[in-house]
Amino acid sequence: LEMTERSVQMEKITLHYLGHACFRLDFGQWRTVLDPYHDGMVPGLPPLHAEAEEVLCSHQHDDHNFTQAVHLNHVRGFAPYEMTTLTVPHDGDGGRLRGMNTIRIFRYGGLRVAHLGDLGRPLTAEETEALSGLDCMRLPVGGYYTIDAQAAKAVVDVTRPRVIIPMHYRRGDVGFSEIGELSDFTDRFAEVRYEDSPLELTRDTPRGVVVLTPELS
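If you're wondering where the values come from, they're calculated on a predicted model, not measured in any experiment. (Residues numbered from 1 in each chain as written. Predicted model: local features only at pLDDT ≥ 70, side-chain atom pairs only at ≥ 80, totals over all residues. Heavy atoms only, no water.)

Novice: Help me understand the side chain of asparagine 101 in this model?
Specialist: Note that asparagine 101 resides in strand β8 (residues 100–108). In this structure the side chain of asparagine 101 is engaged in a polar contact, spanning 3.3 Å, whose partner is the side chain of serine 58. Sequence-distant contacts of asparagine 101, that is, excluding residues within four places in its chain, are made with Ser58, His59, Leu86, Thr87, Val88, His90, Leu116, Gly117, Asp118 and Leu119. (Helix = DSSP H or I, 4+ residues; strand = E, 2+ residues; numbered from the N terminus. Polar contact = N/O pair within 3.5 Å; in protein donor to acceptor, adjacent residues only side chain to side chain. Contact = heavy atoms within 4.5 Å.)

Below, the structure is given as structure tokens:
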């Protein structure tokens, strides 16, 4: 029974959306927070408070690197996933405008998920291959600082992830005024699901775009 329960656990990643580009991924008992934002940085979002075993940042901008918002539990052992990273420009000029950005691909059990951070230009052929066939992709869609809705749709079309979660957008009064509305991206798809966070990702999670309502601390 213990082995069966462990096998089931290894086939599930729980994705908590904390707003903007910040997520907490639960790999069993191990929790990883990605890209926490500074207090008062993102219009419409309250101060962030999270608890985890580790925190990772795609780059060092204030809407992605406020590690102080995450209370870390110092436990023995190592993260239970395998991680691959891709270094990509934060802009369309080779990183000269906004520096570089880290894409992270996590493999846990039979599941592969990626967080694209602030990707700033279309994917190369090598990056497309590395990101193809994911179980879940979280990608920026708002433009201005990152790829926009049209470029994000192109990323989805060439990589074909099973579940697509948009991030780094404006929705009503929430988000930077200079970036695009969420609907600029979602209007490009025939079907979009709107769900409360968290999303439990398993092998049976249906394909499609999922817009998560943030868990506000």
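Right, picking up where we left off after that structure.
Novice: What is the right way to look at the pattern of salt bridges in this model?
Specialist: Once the charged atoms of two side chains with opposite charge are near each other, the side chains can pair. Evaluation of the coordinates by the stated rule reveals 10 salt bridges. Taking the shortest distance from any N to any O, the salt bridge between arginine 24 and aspartate 26 comes out at 2.8 Å. Taking the relative accessible area as the measure of exposure, arginine 24 reaches 19% and is therefore buried. For lysine 153, the salt bridge goes to aspartate 157, with nearest N and O atoms at 2.9 Å. Of the two residues, lysine 153 and aspartate 157 both sit in helix α3 (residues 149–159), 4 residues apart, roughly one turn of that helix. Three or more residues joined by partner-sharing salt bridges are found here, namely Arg31, Glu51 and Glu53. (Salt bridge = Lys/Arg side-chain N within 4 Å of Asp/Glu carboxyl O. Buried < 20%, exposed > 50% of the residue type's maximum accessible area, 1.4 Å probe, protein only.)

Novice: How do you make sense of the state of the cysteines when you look at a structure like this?
Specialist: Think of a disulfide as a covalent bridge from one cysteine sulfur atom to another cysteine sulfur atom. Going through the model one piece at a time under the given rule, you end up with 0 disulfides. Looking at the unpaired cysteine 22, the closest cysteine sulfur is the one in cysteine 57, lying at 8.9 Å. For the unlinked cysteine cysteine 136, the closest cysteine sulfur is that of cysteine 22, found at 15 Å. Under the relative-accessibility criterion, cysteine 136 is labelled buried at 0%. (Disulfide = S-S within 2.5 Å.)

Novice: When you look at the packing of aromatic side chains in this model, what are you seeing that I'm missing?
Specialist: The way to describe two aromatic rings as a pair is by their centre distance and the angle between their planes. Scanning all chains against the criterion turns up 8 aromatic pairs. The interplanar angle of 80° and the centroid separation of 4.8 Å between the aromatic rings of tyrosine 144 and tyrosine 145 together place this pair among those described as edge-to-face. Since its relative accessible area comes to 24%, tyrosine 145 is described here as partly exposed. Ring-pair connections join several aromatic residues into one group, and the members of that group are Phe27, Tyr81, Phe106 and Tyr108. Between arginine 138 and the ring centre of phenylalanine 23, over which it is positioned, the NZ or CZ distance is 5.2 Å. Note that lysine 153 overlies the ring of phenylalanine 189, its terminal NZ or CZ placed 5.2 Å from the centroid. (Phe/Tyr/Trp six-rings, centres within 6.5 Å; stacked < 30°, edge-to-face > 60°. Lys NZ or Arg CZ within 6 Å of the ring centre and 35° of its normal.)

Novice: Looking at this structure, how should I read the environment of glutamate 51?
Specialist: Summarising the element assignment, glutamate 51 is placed in strand β4 (residues 50–52). Here glutamate 51 falls in the partly exposed class, since its relative accessible area comes to 37%. Through-space distance from the C-alpha of glutamate 51 to that of histidine 71 is 4.7 Å; in sequence the pair is 20 residues apart. In this structure glutamate 51 touches Arg24, Arg31, His71 and Asn73, once residues within four positions along its chain are discounted. Side-chain polar atoms of glutamate 51 contact the side chain of asparagine 73, separated by 2.9 Å.

Novice: Sorry, what's going on with the environment of histidine 115 here?
Specialist: When you line up the elements, histidine 115 lands in strand β9 (residues 111–115). In this structure the C-alpha to C-alpha distance between histidine 115 and isoleucine 13, which are 102 residues apart in sequence, comes to 13 Å. Once you skip the residues sitting within four places of it in the chain, histidine 115 turns out to touch Ala21, Phe23, Leu34, Asp35, Thr102, Ile103, Arg104, Arg138 and Met167.

Novice: When you look at the pairing of strand β14 (residues 208–213) in this model, what are you seeing that I'm missing?
Specialist: Where a strand is regular, its side chains alternate between the two sheet faces. Counting buried residues along β14, 5 of its 6 residues qualify, which places the element largely inside the surrounding structure. As judged from the 2 bridges shared by strand β11 (residues 163–167) and β14, these two strands associate in the parallel manner. From the neighbouring strand, isoleucine 164 faces β14, where its bridge partner is valine 209. Note that strand β12 (residues 192–196) and β14 share 5 bridges and pair parallel. Bridge pairing in β14 links tyrosine 194 to valine 211. (Pairing = 2+ DSSP bridges.)

Novice: I would appreciate a short explanation of the sheet that holds strand β13 (residues 199–201) in the present structure.
Specialist: Within a sheet, neighbouring strands are paired by backbone hydrogen bonds and run either parallel or antiparallel to one another. Read from one edge of the open sheet, 5 strands run β5-β3-β2-β1-β13, paired in mixed fashion. The open sheet has two edge strands with one neighbour each: β5 (54–56) and β13. Going from strand to strand, the sheet's axes swing by 25° on average, the running direction of each strand aside. In this sheet, strand β3 (residues 30–34) lies alongside strand β2 (residues 22–27) in antiparallel orientation, the contact comprising 5 bridges. If you follow phenylalanine 27 over to β3, its bridge partner there is tryptophan 30. (Axes fitted to C-alpha atoms, helices over the stretch in contact; angles between N-to-C directions.)

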